[in-house]
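The chain contents come next:
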Amino acid sequence: MIRPYIALLIINSSISLSTGCLLALIIAFHYKDIRLFVIDHNQVDWRIAMTSHRILVISLEMLVCVIHPVGSYREIGHNVTFSSPAKLRVSNEPGGVMMYIDLLLSVLMFLRLYLVHRAILLHSKVLLSASYRSIGSLNNINFTFRFVLKVLLNEYPARTLLVFILFFWLTASWMLTLCERGTEEATGHMNTALWLIAITFLTVGYGDVAPKSSCGKAVCLFTGVMGVACTAMLVAVVNKTLALNKGEKHVHFFMLDIQISKRIRHAAANVLRECWLLHRANLAKGNRGEHRRHQRGLLEAIRVFRNLRLKQRKLRDYVSEMVDLPKMQMIMCDLSANWNNSYRELEQRILSMEQKLDELSRCFQQTSELLFHVLRHRNPDISIYKGREQMLSTRRCSRLLTC
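Note that residues are indexed from 1 along each chain, following the sequence as it is written. This being a predicted model, a pLDDT of at least 70 is required before a residue's local features are given, and a value of 80 or more before pairs of side-chain atoms are given or counted; all residues contribute to the totals for chains, interfaces and linings. Side-chain descriptors were evaluated using all non-hydrogen atoms of the structure, hydrogens and water having been removed beforehand.

Note on definitions: salt bridges are taken to be side-chain nitrogens of Lys or Arg within 4 Å of carboxyl oxygens of Asp or Glu. One pass over the structure, following the stated rule, counts six salt bridges. Here Asp 33 makes a salt bridge to Arg 54, at a shortest N to O gap of 3.1 Å. Of this pair, Asp 33 sits in helix 1 (residues 2-40) while Arg 54 sits in helix 3 (residues 52-66), and the two are 21 residues apart along the sequence. For Glu 61, the salt bridge identified is with Arg 118, shortest N-O distance 2.4 Å. Of this pair, Glu 61 sits in helix 3 while Arg 118 sits in helix 5 (residues 114-122), and the two are 57 residues apart along the sequence. What counts as a helix is a DSSP run of H or I of at least four residues, what counts as a strand is a run of E of at least two, and both are numbered from the N terminus.

Here the axes come from fitting lines to C-alpha atoms, over the contacting stretch only for helices, and the angles between their N-to-C directions go from 0 to 180 degrees. Interaxial distance between helix 5 and helix 8 (residues 145-155) falls to 10 Å at its minimum, and their mutual angle equals 70 degrees. The orientation of helix 5 relative to helix 8 falls into the category roughly perpendicular. Where helix 5 crosses over helix 8, the two elements pack in a sense that is left-handed. On helix 8, the residues touching His 117, Ile 120 and Leu 121 of helix 5 are Phe 145, Val 148 and Leu 152. Angles below 35 degrees are treated as roughly parallel, those above 145 as roughly antiparallel, those between 65 and 115 as roughly perpendicular, and all remaining angles as oblique. Note on convention: near helix rotated counterclockwise from far helix by under a right angle means a left-handed crossing. Clockwise means right-handed. Here a residue-residue contact requires only that any non-hydrogen atoms of the pair lie within 4.5 Å.

Another point: unusual backbone geometry. Phi at Thr 203 takes a positive value of approximately 55 degrees, unusual for a residue other than glycine. Buried residues are those whose accessible area, probed at 1.4 Å on protein chains only, stays under 20% of the maximum for their type, while exposed residues exceed 50% and partly exposed ones sit between those limits. Looking at Thr 203, the relative accessible area reads 53%, which means it is exposed.

Time to look at a nonpolar patch on the surface. Nonpolar side chains (Val, Leu, Ile, Met, Phe, Trp, Tyr) are joined into patches within 5 Å and like charges within 9 Å, using only residues with over 30% relative accessible area and no salt bridge. Residue burial considers only the protein chains on display, and all accessible areas are found by Shrake-Rupley using a 1.4 Å probe. A cluster of nonpolar side chains, contributed by Leu 56, Leu 60, Leu 63 and Val 66, occupies part of the molecular surface with about 370 Å² of accessible area. When you line up the elements, Val 66 lands in helix 3. Judged by its relative accessible area of 39%, Val 66 falls in the partly exposed class.

Inside soluble globular proteins, nonpolar side chains tend to come together where they are buried. Of all hydrophobic cores here, the largest spans 22 residues; its most connected members are Ile 165, Phe 168, Trp 169, Leu 176, Ile 197, Phe 201 and Val 219. Mapped by element, the contributors of at least two residues to this core are helix 9 (157-179), helix 10 (190-201) and helix 11 (214-242). In contact with Val 219, not counting residues within four places along its chain, are Ala 172, Met 175, Leu 176, Cys 179 and Ile 197. Phe 253, Ala 267, Leu 308 and Leu 315 belong to the second-largest nonpolar core, a separate cluster that totals six residues. Residues enter a nonpolar core if they are buried and are Ala, Val, Leu, Ile, Met, Phe, Trp, Tyr or Cys, with the set joined through side-chain atoms within 4.5 Å.

Only rings of Phe, Tyr and Trp enter the pairing, Trp through its six-membered ring, and a pair is recorded when the two centres are within 6.5 Å. The plane angle decides the type: under 30 degrees is stacked, over 60 is edge-to-face, the rest tilted. According to the stated counting rule, one finds five aromatic pairs in the structure shown. Residues Phe 164 and Phe 168 carry aromatic rings whose centres are separated by 6.2 Å and whose planes lie at 25 degrees to one another, so their mutual orientation is stacked. Residue Phe 164 and its partner Phe 168 are both found in helix 9; the two are separated by four residues, about one turn of the helix. Taking relative accessible area as the criterion, Phe 168 reaches 11% and is therefore assigned buried. Summarising the aromatic geometry, the rings of Phe 168 and Phe 201 are spaced 5.9 Å apart at their centres and angled 45 degrees between planes, so their arrangement reads as tilted.

Before going further, it helps to spend a moment on the packing of helix 9 against helix 11. Between helix 9 and helix 11, the least distance of the axes is 10 Å, while the angle of their chain directions is 170 degrees. When the interaxial angle is binned, helix 9 and helix 11 end up roughly antiparallel. Residues Pro 157, Ala 158, Leu 161, Phe 164, Ile 165, Phe 168, Ala 172, Met 175, Leu 176 and Cys 179 of helix 9 touch helix 11, and the partners they reach there are Cys 215, Gly 216, Val 219, Cys 220, Phe 222, Thr 223, Met 226, Cys 230, Met 233, Leu 234 and Val 237.

Next up on the list: helix 3. With 15 residues, helix 3 should cover 21 Å at 1.5 Å per step; its first-to-last C-alpha distance of 21 Å lies within 8% of that length. The complete set of buried residues in helix 3 reads Arg 54, Glu 61, Val 64 and Cys 65. All buried residues of helix 3 project into a common sector of 100 degrees when viewed along the axis, lining one side. Those residues of helix 3 that are exposed and aimed more than 90 degrees away from the buried face are Ser 52, Leu 56 and Leu 63. Between the first and last residue of a helix there are one fewer steps than residues, each counted as 1.5 Å, and that sum is the expected span. Working definition: the arc comes from the directions between the helix axis and the C-beta atoms, pointing outward to the latter.

Among the secondary structure elements, Thr 223 is positioned in helix 11. Taking the relative accessible area as the measure of exposure, Thr 223 reaches 0% and is therefore buried. Ignoring any residue separated from it by four or fewer positions in sequence, one finds Thr 223 in contact with Phe 168, Ala 172, Ile 197, Thr 200 and Phe 201.

The next point concerns the confidence of the model for the protein chain. Keep in mind that low pLDDT regions are not for reading the predicted coordinates in detail. The pLDDT value tells you how sure the predictor is about a given residue, anywhere from 0 up to 100. Chain-level pLDDT for the protein chain is 80 on average; 83% of the residues reach the 70-or-more range. Here residues 73-93 is a poorly scored stretch, pLDDT under 50, and it has 40 contacts once near neighbours within four places are set aside; other chains count.

Time to look at the environment of Gln 295. Of note, Gln 295 is situated in helix 13 (residues 288-321). According to the relative accessible area criterion, Gln 295 is partly exposed, its value standing at 34%. It is 9.1 Å that separates the C-alpha atoms of Gln 295 and Leu 277, two residues lying 18 residues apart in sequence.

Assignment of secondary structure puts Ser 124 in the loop between helix 5 and helix 6 (125-128). A 3.5 Å cut-off defines polar contacts: any pair of N or O atoms within that distance qualifies, except that in protein one atom must be a possible hydrogen donor and the other a possible acceptor, and neighbouring residues in sequence count only when both atoms are side-chain atoms. In this structure the side chain of Ser 124 is engaged in a polar contact, spanning 2.9 Å, whose partner is the backbone oxygen of Leu 121.

Spelled out as structure tokens, the structure:
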């Protein structure tokens, strides 16, 4: 009986020591977070960073992480071995109460799983990459766990979903084992609990095993809900994997259009053939049965032709709805470049027209002055005032032309 107590003592001491290390790491994390806040806000007082929300978060994290079993078993039954996690027996009633308290604390230890998303966020390449952070800051993107999870599901959908399912199965199985440890059922064993979690997750439910405790039923209920959610995600991943990309869609629809065009030409040829046969039967005025047969053949050929035309129209409408964004972007860039070139050419033409108008105004001015000097030379009796009036009128005309 000494060896089991020594083993339990070592296990409980290890749990308490790891809990103390975890609390120290959480304190160090929040200390670094406060230091970064002080640096980002120009060396302000650290007490400014200690808001009520931050204090509440730190307190809740410390409270959650300090929860761990204290290991207050008084006496273990002789039929209990380390390979069989059967029901733990105690010698008195207070010891039994403490055993259930330890089991409850063991289940509550799984609240520490909130640290998984923080570890994934802090060790992701999205947060460690400077280019990601710079582009994200320009687009007002917050690098949260939701964004990192979307990136992982986009890049590695099958791998991420498989790792999550396996991790969830192991965690839920261990929780179910702890919940069912106090019963005599087979669900207290790890292999049976893993089988029950798997069939519950997959929504099969053979009914060969079932949980007995309320805690175990709650774990199985949560497992079923997560199984439905993961099944929906799995369907989305498979649909994305099997879907055709843009190039494949264009090739597929192009070949379908060619095939339907060939069938339409054949159907049109059949319509013409049946029309000619019906016309020949009308001219021959022979058997009425042959005439009705050609009429039915003509109606059938017309029906096939109309159906093929309708199918081709639907296919082309569907293809036209497929918006090719890169192609549209290239077209818009080309249009923008053409507009810029046209604008530059228009500016150059306007400048050349202004220069020509300036030259034309100077020519009008020189012509008016020359005309004034000629008139004055021929008729000296003309007053200077009249000459100036003529020159001013000529200049006004030239200004009107320039405007």
